[in-house]
Amino acid sequence: MKLSLRIWRQSDAQAQGKMVSYEIDEVSEDASFLEMLDVLNERLISEGEDPVAFDHDCREGICGACSLVIDGQPHGPQAATTTCQLHMRKFKDGDSIDIEPWRAGAFPVIKDLVVDRSAFDRIIQAGGYISAPTGTAPDAHAVPIPKQDADAAFSAAACIGCGACVAACPNGSGMLFMGAKVTHLGLMPQGQPERHTRVLGMVAAHDEAGFGGCTNTGECAAACPKEIGLDVIGKLNRDFRKAAIRAA
């Protein structure tokens, strides 16, 4: 495959960025999108140029590190797929592809396609934990949990914290991410002690970080590679209202 790439290049957080064009050929349709960028970077390094900086780690769709907006879509054109699991067979020979970083006020660009997502860490620090004592794992059936609750908690726990929801949201909101964490812990017996302080703390950290508010456009759920639904935002809002009343 031969491709024309337009990639956002920005030397550091203070620099003025711009789209830079590259031509690349002999790309295998079986290569992943990140492997295609590896090929480009190998060429740039051999030519004495600065390689394109981009986040990656496991390359198995688990860690949430990869974070590219491809032709205007977070993670690219394939639904329920992270950038690292996107393969070049989804594109055609001769295609022109635009590659940009996450675009959100709470995710400032560090370099090229790498953004600072530490705002998510601060949200987790504000309440994304439980106070259960550590030690030997209890038997799986020691604490009975309704299957409906267990299934919903498991689905919410699938969130990998990539930030595609924020990049897709026209308001730059992190409500889907936060809703997934609050739902996951709030449905489990172990998450009950902090249930109300959790949601108040996480919402405060979310707003302080500069994320926007949710207006229910649904773009976040459409972009989520783990197909987390809008219902988690509803659960977050219910918990927040209850917690605010209790704290009043």
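In this convention, every chain numbers its residues from 1, walking through the sequence in written order. Confidence filtering applies because this is a predicted model: local features only for residues at pLDDT of at least 70, side-chain atom pairs given and counted only at 80 or more, and all residues used for totals across whole chains, interfaces and linings. The side-chain figures draw on all heavy atoms in the structure; neither hydrogens nor water molecules are used.

Colleague: Even after reading the chapter, I still don't get the packing of aromatic side chains, so can you show me in this structure?
Modeller: Remark: the centre distance and the inter-plane angle together describe each pair of aromatic rings, the angle taken between the planes. Only Phe, Tyr and Trp rings take part, Trp by its six-membered ring, and two of them pair if their centres are within 6.5 Å. Stacked means planes under 30 degrees apart, edge-to-face means over 60, and tilted covers everything else. Tallied over the entire structure, the rule returns five aromatic pairs. Ring geometry for Phe120 against Phe177: centres 3.7 Å apart, planes inclined by 5 degrees, an arrangement best described as stacked. Of the two residues, Phe120 is situated in helix α2 (residues 118-125) and Phe177 in helix α5 (residues 175-186); the sequence distance between them amounts to 57 residues. Neither Phe120 nor Phe177 differs from the other in exposure class; each is buried. For a Lys NZ or an Arg CZ to count as sitting over a ring, it must be within 6 Å of the ring centre and within 35 degrees of the ring normal. Positioned over the ring face of Trp8 is Arg103, at 4.2 Å from the centre of the ring. Where helices and strands are cited, they refer to DSSP runs of H or I of at least four residues and of E of at least two residues respectively, numbered from the N terminus. Burial classification: accessible surface area is computed with a 1.4 Å probe over protein chains only, and a residue below 20% of its type maximum counts as buried, one above 50% as exposed, and the rest as partly exposed.

Colleague: Explain the pattern of salt bridges here, please?
Modeller: Side chains that carry opposite charge are capable of pairing whenever their charged atoms lie near each other. When a carboxyl oxygen of Asp or Glu lies within 4 Å of a side-chain nitrogen of Lys or Arg, that pair is called a salt bridge. Per the counting criterion, the structure on display carries 13 salt bridges. Here Arg59 ties to Asp38 by a salt bridge, and the two come within 2.8 Å at their closest N and O atoms. Taken together, the positions of Arg59 in the loop between α1 (33-46) and β3 (68-70) and Asp38 in helix α1 put the pair 21 residues apart, joining distant regions of the chain. Across the salt bridge formed by Asp151 and Lys147, the nearest N and O atoms sit 2.6 Å from each other. Note that Asp151 and Lys147 are positioned in helix α3 (residues 147-157) at a spacing of four residues, about one turn of the helix. Residue Lys147 is classed as exposed on the basis of its relative accessible area of 60%.

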